[in-house]
Amino acid sequence: MTATSTPTDRYVAATLRSLPERQRQDIEAELRALIADTIDDRREAGVDADSAEREVLTELGAPARLAASYSDRSLHLIGPEFYLDYLRVLTVLLSTLVPLWFVIVALVTFADGSPAEVAFGGALYSALETAMSIAFFTTLVFAIIERVSAVRTKRKATWDPSSLPEVRDKRGYFTEMIGGVIFLAVIVIAVVLAQTLGAVEGPEGTKVGPVASAVWESGVLYIALFFAIASISSHVLAYYTGWSTANAITNTVFVILFAVPAIWLAASGRLLSEDYFGAVGWPEGANVIAVVVIVVVLLLTAGDAVDGFVRASKKRRTR
Amino acid sequence: MSLENLLEGGEPFGGKCSDRLAIVCDAQYRVPVLNEEALATHRQELRRGTIVLACLLLLRRSNYGYALLDALEKSGFDVDANTLYPLLRRLEKQGLLTSEWNTDDSRPRKFYVTSEEGATLADTLKRDWHALDTAFLSLKDES
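Computed from a prediction, not measured in an experiment: that's the story for all the values here. Note on numbering: residues in each chain are counted from 1, in written sequence order. By the order in which they are written, chains take letters starting at A while ligands take numbers starting at 1. Per-residue local features of the predicted model are confined to residues with pLDDT of at least 70, and side-chain atom pairs are confined, for both listing and counting, to 80 or more; whole-chain, interface and lining totals are unaffected and use all residues. Heavy atoms from the whole structure form the basis of all side-chain values; hydrogens and water molecules are not counted.

Caption draft 1: Spatial organisation of helix H3 (residues 49–60) of chain A. Over its 12 residues, H3 of chain A runs 17 Å from end to end, which matches the ideal 16 Å to within 8%, given 1.5 Å per residue. Only protein chains enter the accessibility calculation, which uses a 1.4 Å probe; a residue whose area is less than 20% of its type maximum is buried, one above 50% is exposed, and one in between is partly exposed. Put simply, DSSP marks the helices as runs of H or I at least four residues long and the strands as runs of E at least two long, and each gets a number from the N terminus on. Of the positions making up H3 of chain A, those classed as buried are Ser 51, Ala 52, Glu 53, Val 56, Leu 57 and Leu 60 of chain A. Only heavy atoms enter the contact rule, under which two residues are in contact if any of them lie within 4.5 Å. Where H3 of chain A is buried, its residues meet helix H1 (7–16) and helix H2 (21–44) of chain A together with helix H6 (81–93) of chain B. One or two residues past the end of H3 of chain A sits Gly 61 of chain A, with phi positive at roughly 85 degrees. To estimate the expected span of a helix, count its residues, drop one, and scale the result by 1.5 Å.

Caption draft 2: Up close: the sheet that holds strand E3 (residues 63–64) of chain B. All names here are of chain B. If you walk across this open sheet you meet the three strands as E3-E5-E4, and the pairing is antiparallel. A single partner strand is all that each edge strand has here, and the edge strands are E3 and strand E4 (97–102). Paired strands, as defined in this entry, are two strands with at least two bridges between them according to DSSP. Across six bridges, the pairing between E4 and strand E5 (residues 109–114) is antiparallel. Of the residues in E5, the one forming a bridge with Ser 99 is Tyr 112.

Caption draft 3: Region of interest: the interface of chain A and chain B. Across the boundary between the two partners, chain A contributes 18 residues, which contact 15 residues of chain B. By buried area we mean the combined loss of accessible area, with a 1.4 Å probe, across both parts when two parts are placed together. Carbon and sulfur atoms make up 50% of the area that chain A and chain B hide from each other, which totals about 1,600 Å². On the chain A side of the interface with chain B, the three residues burying the most area are Glu 30, Leu 34 and Asp 37 of chain A, jointly 35% of the side's total. A pair is scored as a salt bridge if a Lys or Arg side-chain nitrogen falls within 4 Å of a carboxyl oxygen belonging to Asp or Glu. Linking chain A to chain B there are six salt bridges. The residue Asp 26 of chain A makes a salt bridge to Arg 89 of chain B at a minimum N-O spacing of 2.8 Å. Within 3.5 Å is the distance limit for a polar contact, defined as a pair of N or O atoms, with the added protein rule that one can donate a hydrogen and the other accept it, and that residues adjacent in sequence qualify only through two side-chain atoms. The interface formed by chain A and chain B contains 12 residue pairs in polar contact (both at pLDDT 80 or more).

Caption draft 4: Structural view of the packing of H1 of chain A against H2 of chain A. Residue and element names in this part refer to chain A. Geometry is summarised by axes, namely lines fitted to C-alpha atoms with helices restricted to the contacting stretch, and by angles between N-to-C directions that run from 0 to 180 degrees. It is the contact of H1 with H2, at a shortest axis distance of 10 Å, that shows an interaxial angle of 145 degrees. The interaxial crossing formed by H1 with H2 has right-handed handedness. Contact residues: H1 offers Thr 8, Asp 9, Tyr 11, Val 12, Thr 15 and Leu 16, while H2 offers Arg 24, Ile 27, Glu 28, Leu 31, Arg 32, Ile 35 and Ile 39. Of the residues belonging to the contact of H1 with H2, the class tally is seven nonpolar, two polar and four charged. Crossings are assigned a handedness: left-handed for a near helix turned anticlockwise from the far helix by less than a right angle, right-handed for a clockwise turn. Classes in brief: Ala, Val, Leu, Ile, Met, Phe, Trp, Tyr, Cys and Pro nonpolar; Asp, Glu, Lys and Arg charged; the others, Gly included, polar.

Here it is in structure tokens:
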């Protein structure tokens, strides 16, 4: 006969699995003694061995729950403190960006010459993908906030009313962040539209958009988008955990990673397509737009970086 | 109203109306006021914390979990093993209990005993309990 594990073995293993290594041996020995003692008592009372074991394990309840009460770890991804904000952010982002994205993709593919049903299907697929990414990243950011702030509250033992955030600042800032996301989405969509729908016939007979095709095809724009999203996430994080110098520095790093390459591309004339501006009859347009891009990027990013430090120092003063 | 009575659900809830009906009645008018779930929650909340005190008092003499469970039950404290065992560990972690493995028996058992800090806490909690009891009694007089 082969040795099979008893229900008790399986119960103990299932309980220990999610407990920290260093506690396991101790808890296992104690748990096994408890189960054995209880079974002995039941058997003395006339219950047969198998049903006694089953009874005892049933009364102890699901191993996951037992393990949860052994460990002090939180068993939720996003707790009550942030859940409503999480829902709010998720709802706003999903209800604005997804339909917008759907319409844009449908229009662009349709204008590109695809039949309507293909354009519709592709747009639907793309919108679902976008919805999933939004949901994933929002959840991720809030899960991190949950854990960071749990660490923070544990560390500082005292709380006093002066650490409450400014009410007006809080609301305004929240709107500002949502606004930032929407602003970013509008810019991305505008660029995509200009590049695809707005493309004109270039000198070599190929379609050219305002963004230089080398930049467009290299994926640099995806990287820029990534840094923009990372920067927004770091803002959300800082908003909930309070701006600290560390937050401000992180934010500045993201800003620099975004701004330096963007300005370099624009200044060196690699960002925009001269062919496009020539074809639309505004040859000096490439330079003008490049200057506008440089100024806007400089203003936005420098303002954002400085803002982080200002908030961090304000936070210190109110303490 | 004694601690035991309250924990056993003797007088305040169970005495005059049947618990099996899962309805609590106002003792005088027999009006159903709560469903089973709400009742269970309220009673659980009232009991929470009393188990800690009972453990600290009982463990002035060193004992292991299963025997403690039995002792609690005999004194009228209704607690499950899956609540008690993690609780003992938490109290140990807080320094209110100390433990020692006893391997003299065929089955190794972890023995807990109330520490000095635990005894001090038990005294405080007991005083609080009596103060609450007095407070409840004074409420009764007024009504």
